Amino acid sequence: MSEPRINDRIRVPEVRLVGPNGEQVGIVRVEDALRLADEAGLDLVEVAPTARPPVCKLMDFGKFKYESDMKAREARKNQTNTILKEIRFRLKIDPHDYGTKKGHVERFLKAGDKVKVMIMFRGREQSRPEMGFRLLQRLAEDVADLGSVESSPRQDGRNMVMVIGPHKKKAEAKAEERRRKDAEAAPPAAAPEAAPVDSTPDETAATAS
């Protein structure tokens with residue numbers, strides 16, 4: 001994203017001016033807009049450079065940039081950072097293998113991660129996609145307490161793919177855990193320095209006779 005133009009970097013004869021509270025001032029000469037900004041102790045910031053004429057707003061750009069940076073930092077902090085795991089099934093899977101792989105899916109979902117489940121068709125199995133759909137549907141029902149289908153079963157070449165995501169509370173809990181670990185890993189803030197003690201004698205104290 002290009003750096004916003006402010007004050008004397010705005011190189012156009014006139015702009016559509018917006019006041020500090022969002023009010024529409026109208027189209028004014030850039031010199032007049034700069035004068036209004038100076039009188040208000042604010043900056044003239046170009047917010048829509050491709051408009052004709054460009055749209056500028058009166059604002060405290062330093063405060064605006066600080067608040068934007070804080071919002072971006074908070075948004076990054078609140079990201080769940082969900083990881084997409086992958087597990088593969090054969091169409092003709094025996095009950096023991098099914099139970100083992102279902103256990104892996106449950107473990108991933110409990111950890112707050114999404115799971116890409118793939119069924120691999122071999123030979124003439126490709127003519128029976130409905131069997132793959134039923135297997136994926138069965139798995140989704142078996143892990144419904146931990147997650148829900150985010151991407152319905154779809155054919156992908158010789159494979160059929162479905163994505164199951166953890167329930168929202170689990171994903172939020174994982175994000176909170178990550179934030180807690182980040183906070184614990186951060187270096188402790190330095191303790192404030194003690195104020196210096198004034199060792200100058202008190203001039204109002206009585207002197208010895």
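Residues numbered from 1 in each chain as written. Predicted model: local features only at pLDDT ≥ 70, side-chain atom pairs only at ≥ 80, totals over all residues. Heavy atoms only, no water.

J.: Pulling in residues and values, what's your account of the overall build of the protein chain?
T.: Within the protein chain, the secondary structure is distributed over five helices and eight strands. Seen in sequence order, the protein chain has helices and strands lined up from the N terminus as β-β-α-β-β-α-β-α-β-α-β-β-α. Taking all 209 residues of the protein chain together, the buried fraction comes to 27%. (Helix = DSSP H or I, 4+ residues; strand = E, 2+ residues; numbered from the N terminus. Buried < 20%, exposed > 50% of the residue type's maximum accessible area, 1.4 Å probe, protein only.)

J.: Describe the confidence of the model for the protein chain, and please don't skip the residues or the numbers.
T.: Predicted coordinates in regions of low pLDDT should not be interpreted in detail. The predicted model of the protein chain has a mean per-residue pLDDT of 82, with 77% of residues at 70 or higher. Throughout residues 189-209 the model reports pLDDT below 50, and contacts reaching past four residues in sequence, or to other chains, amount to zero contacts. (pLDDT = per-residue confidence, 0-100. Contact = heavy atoms within 4.5 Å.)

J.: Outline the pattern of salt bridges, supporting the account with residue identities and numerical values.
T.: Under the defined criterion, the tally for this structure stands at ten salt bridges. Asp32 is paired through a salt bridge with Arg35; the nearest N and O atoms lie 3.9 Å apart. Separated by three residues within a single helix, Asp32 and Arg35 lie in helix 1 (residues 30-40), roughly one turn from each other. Of the charged contacts, one joins Lys102 and Glu106 as a salt bridge, the two residues approaching to 3.3 Å between their closest N and O atoms. Separated by four residues within a single helix, Lys102 and Glu106 lie in helix 3 (residues 95-110), roughly one turn from each other. (Salt bridge = Lys/Arg side-chain N within 4 Å of Asp/Glu carboxyl O.)

J.: An account of helix 2 (residues 61-77) is requested, with residue identities and associated values reported.
T.: The terminal C-alpha atoms of helix 2 lie 24 Å apart, and with 17 residues this matches the ideal 24 Å at 1.5 Å per residue to within 8%. Its side-chain oxygen 3.2 Å from the backbone nitrogen of Gly62, Asp60 forms the N-cap of helix 2. (Expected span 1.5 Å × (residues − 1). Polar contact = N/O pair within 3.5 Å; in protein donor to acceptor, adjacent residues only side chain to side chain.)

J.: Could you give an account of helix 3, naming the residues involved and the relevant values?
T.: Its 16 residues give helix 3 an end-to-end C-alpha distance of 22 Å, which sits within 8% of 22 Å, the value for a rise of 1.5 Å per residue. Among all positions in helix 3, only Tyr98, Lys102, Val105, Phe108 and Leu109 are buried. All buried residues of helix 3 lie within an arc of 115° about the axis, which places them on one face of the element. In helix 3, the exposed positions angled more than 90 degrees off the buried face are occupied by His96 and Lys110. Where helix 3 begins, one side-chain oxygen reaches toward the backbone nitrogen of His96, 3.0 Å away; that side chain belongs to Asp94. Of the residues trailing helix 3, Gly112 is marked for its positive phi of about 90°. (Arc of directions from axis to C-beta.)

J.: An account of unusual backbone geometry is needed here, citing residue identities and associated values.
T.: Backbone torsion omega between Arg52 and Pro53 reads -5°, so that peptide bond is classified as cis. Its location among the elements puts Pro53 in the loop between strand 3 (43-48) and strand 4 (55-59).

J.: Explain the nonpolar core residue by residue, including any values.
T.: Ranked by internal contacts, the top residues of the largest apolar core, which has 20 residues, are Phe89, Val105, Val115, Val117, Ile119, Leu139 and Ile164. Going through the elements one at a time, strand 5 (84-90), helix 3, strand 6 (114-120), helix 4 (129-142) and strand 8 (159-166) are the ones with two or more residues in this core. Setting aside its immediate chain neighbours within four residues, Val115 contacts Leu84, Lys85, Ile87, Val105, Phe108, Leu109, Met162, Val163 and Ile164. Listed in part, the ten residues of the second largest apolar core include Val15, Val30, Ala37 and Leu58. (Core = buried A, V, L, I, M, F, W, Y, C linked by side-chain atoms within 4.5 Å.)

J.: Pulling in residues and values, what's your account of the sheet that holds strand 1 (residues 14-18)?
T.: Taken in spatial order, the four strands of this open sheet run 2-1-4-3, and their pairing is mixed. Strands at the two margins of the open sheet, each flanked by one partner only, are strand 2 (24-29) and strand 3. The mean inter-strand angle of the sheet, taken between neighbouring strand axes irrespective of direction, is 35°. Of the pairings in the sheet, the one linking strand 3 to strand 4 comprises five bridges and is antiparallel in character. Looking at strand 4, one finds that Glu46 is bridged to Cys56. Packing of helix 1 onto the sheet brings it into contact with strand 1, strand 2, strand 3 and strand 4, and relative to strand 2 it is tilted by some 125°. (Pairing = 2+ DSSP bridges. Axes fitted to C-alpha atoms, helices over the stretch in contact; angles between N-to-C directions.)

J.: Residue-level account of the pairing of strand 5, with values.
T.: Relative to strand 6, strand 5 runs parallel, the two being bridged by seven bridges. For Arg88, the partnering residue across the bridge sits in strand 6 and is Met118. Each parallel crossover has a hand, and for strand 5 linked through helix 3 to strand 6 it is right-handed. (Right-handed = clockwise from strand over helix to strand, strands pointing away.)

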